[in-house]
Amino acid sequence: MDQTMFMIDWKGPLLEPIEGISSENVVVMTKDKEQYRCILPEVYDKKRLEGADEYQGPTASTLMARLFQQTTCSYRLESYWTYELCHGKHLRQYHEAKEQGKKTKLQEYFLGFGDPNFAGTAAGSDTTDQADGTPPPADANVKSRRIDGVDLPYYEVTMKEGTPCDLTGKPRLTRVLYVCQPDGHGEVYEMKETSTCEYEVMVLVSVLCSHPHFRPKNPPMNKISCHSLSGSPQKPLTLDTWERETKRLDAAQQQELLFGMPETDESMEAPAQPTERKVPKILTSKSTPALGVSTSINKLTDHQVLRDLLSGDYCLQGGAGWWKHEVCLGRYARQFHKDKNGEVSVLLGNFDEEAHIQWLAGHPNKKPKPTGQRKYLNYLYTGGDLCDLTGKPRKVEVRLKCVANSQSPHGVSLFLSEPSSCEYVLVVESAMLCELMDQADENALLKNVNL
């Protein structure tokens, strides 16, 4: 069966007589006449949860409470709508239409609200301790979703009483499925409308990974022991050569990643927690995506998003906590806070082409690299609100960064840092931006973009 996994362990010469081997075995030969006797294992097809029987730690609800008690929100950008998930609080769908000199028009719907008293309800899982205060039994029936041949246990939170649906007359409702991802920060991995005005969101978090019931259920690996015969090498020479070459290429790629970074003041950025991190590395030892779920964002839609961003018709928002930040490419960048009393806004800078070109002339290391080598583009926005600490206008360096990720090209991350008083660095990361890198001119200006 496809879900039954095997690996070959090259053990060298067989040290015991063949008559003493009770397991089924076969002799195989490579194209180079190398011979091996391979001992076939009994197929182990039961999935075990490591440490589940002995687990006495916090319940899933207790672990998730750490996330829900924070003021953290995650964002997902699509061609028209932006989705804001404030964990345990609400899921909002909105679009802001901005026109120069006119009041911003906001169109929004709430897709559901969480229980203010912590509405953690794990579908069929251990949401609460037992009556005597001990954790639930190890065989708790945790539900899972199968993706790319791997079972992903999930913790479900239902958000109810959203904006009434025009089609059904009922409040919108969302089921949020939290899955273990060792380096997850609450990123929205997948979102879909399962039925009219009912939604399902998959979110990557690390807090669940300490609970054995919520770790990904990897298919068991069955080991085949192969012993060399008749003076054959321990491992086939062709295979050994291929593995060595693969390791050499991997090492070269790591070298490029470590030492091929920009020679700018990247270390000063100290980025804040991203509002959305759309580069999942779940269930794999390499930094490449392992979840192969298709999305509704295709190439044509990505191009429309880019055209809207470059024209300034669409602005990017991010930020967790009290302050949010917004950048409208080629126009302005700002920080703001909204509450029931209104909005407080701080202008970080406006884009002025002449000032930007002068800045590049004085900082050659900020200029674009030769085509084919570009991973980022830098822009200076100046003339922001006056800073009380320095007495000077605020300014911000906006950096568009290409982060290749073919499986989630619509993901966007925003990081805002303040390396010195009232001087900011705003990084925008996305796979969508990779297509723009080589279309910028020597001043990073994107005037003749072909999409």
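For the structure given in this document, a descriptive report is provided here. What you see is a predicted model, and the numbers here were worked out from it, not measured in a lab. (Residues numbered from 1 in each chain as written. Predicted model: local features only at pLDDT ≥ 70, side-chain atom pairs only at ≥ 80, totals over all residues. Heavy atoms only, no water.)

1. Some points on the packing of aromatic side chains
Applied cut-off: Each Phe, Tyr or Trp ring (for Trp, its six-membered ring) is paired with any other whose centre lies within 6.5 Å, and the angle between the two planes then decides the class: stacked below 30 degrees, edge-to-face above 60, tilted in between. Segments assigned H or I by DSSP are reported as helices when at least four residues long, segments assigned E as strands when at least two residues long, and all are numbered from the N terminus. Three exposure classes are used, based on accessible area relative to the maximum for each residue type with a 1.4 Å probe and protein chains only: buried under 20%, partly exposed in between, and exposed over 50%.
Under the defined criterion, the tally for this structure stands at 5 aromatic pairs. Taking 6.3 Å as the distance between ring centres and 70 degrees as the angle between the ring planes, the aromatic pair formed by F351 and Y379 counts as edge-to-face. Here the residue F351 occupies a position in strand β17 (residues 342–351), and Y379 occupies one in strand β18 (residues 376–383), the gap between them amounting to 28 residues. Residue classification places Y379 among the buried residues on the basis of a relative accessible area of 8%.

2. Quick word on the sheet that holds strand β11 (residues 185–195)
Rules: The pairing criterion is simple: DSSP has to find at least two bridges between the two strands. Axis definition: a line fitted to C-alpha atoms, over the contacting stretch in the case of helices. Angles run 0 to 180 degrees between N-to-C directions. Working rule for contacts: check all heavy atoms of both residues, and any pair within 4.5 Å makes them a contact.
An order of β8-β9-β10-β12-β11 is seen for the 5 strands of this open sheet, with the pairing classed as mixed. Edge positions in the open sheet fall to β8 (144–147) and β11, since each of these has one partner strand only. Averaged over all pairs of adjacent strands, the angle between their axes in this sheet comes to 30 degrees, without regard to strand direction. When β8 meets strand β9 (residues 150–159), the two strands line up antiparallel, connected through 4 bridges. Among the inter-strand pairings, S144 is bridged to a residue of β9, identified as P153. Against the sheet, helix α1 (residues 60–68) engages β9, β10 (173–180) and β12 (198–205), with an angle of about 65 degrees to β9.

3. Observations regarding the state of the cysteines
Our working definition: Cysteine sulfur pairs qualify as disulfides if the two atoms are within 2.5 Å.
Tallied over the full model, the rule gives 7 disulfides. The partner cysteine of C165 in its disulfide is C197, sulfur to sulfur 2.0 Å. Sign of the S-S torsion, about 60 degrees for the bond between C165 and C197, identifies this disulfide as right-handed. Separated by 32 residues along the polypeptide, C165 in the loop between β9 and β10 and C197 in the loop between β11 and β12 bring together distant segments of the chain. Across the pair, exposure class does not vary: C165 and C197 are buried alike.

4. Some details on the sheet that holds strand β20 (residues 412–420)
Sheet strands associate in pairs through backbone hydrogen bonding, adopting either a parallel or an antiparallel arrangement. The 8 strands are arranged β14-β15-β16-β17-β18-β19-β21-β20 in an open sheet whose pairing can be described as mixed. The two strands at the open ends of the sheet, each matched to only one other strand, are β14 (316–318) and β20. For this sheet, the mean angle separating the axes of adjacent strands, direction not counted, is 25 degrees. Pairing between β18 and strand β19 (residues 395–402): 6 bridges, direction antiparallel. Within β19, the position partnered with Y381 by the bridge is V396. Packed on one face of the sheet, helix α4 (residues 353–362) meets β17, β18 and β19 and runs near 120 degrees to β18.

5. Some thoughts on the side chain of T59
Definition in use: Residues adjacent in sequence count toward polar contacts only when both atoms are side-chain atoms; beyond that, a polar contact is any pair of N or O atoms within 3.5 Å, and within protein one must be able to donate a hydrogen and the other to accept it.
Following the sequence through the fold, T59 ends up in the loop between β3 (35–39) and α1. With a relative accessible area of 4%, T59 lands in the buried category. Of note is the side chain of T59, whose polar atom sits 3.0 Å from the side chain of T62.

6. Details of the environment of L208
With respect to the helices, strands and loops of the structure, L208 is situated in the loop between β12 and β13 (221–229). Taking relative accessible area as the criterion, L208 reaches 0% and is therefore assigned buried. Spatially, the C-alpha atom of L208 lies 9.8 Å from that of T62, the residues being 146 residues apart in sequence. Among residues more than four places away in sequence, those in contact with L208 are A60, M64, Y155, Y178, V179, C180 and F214.

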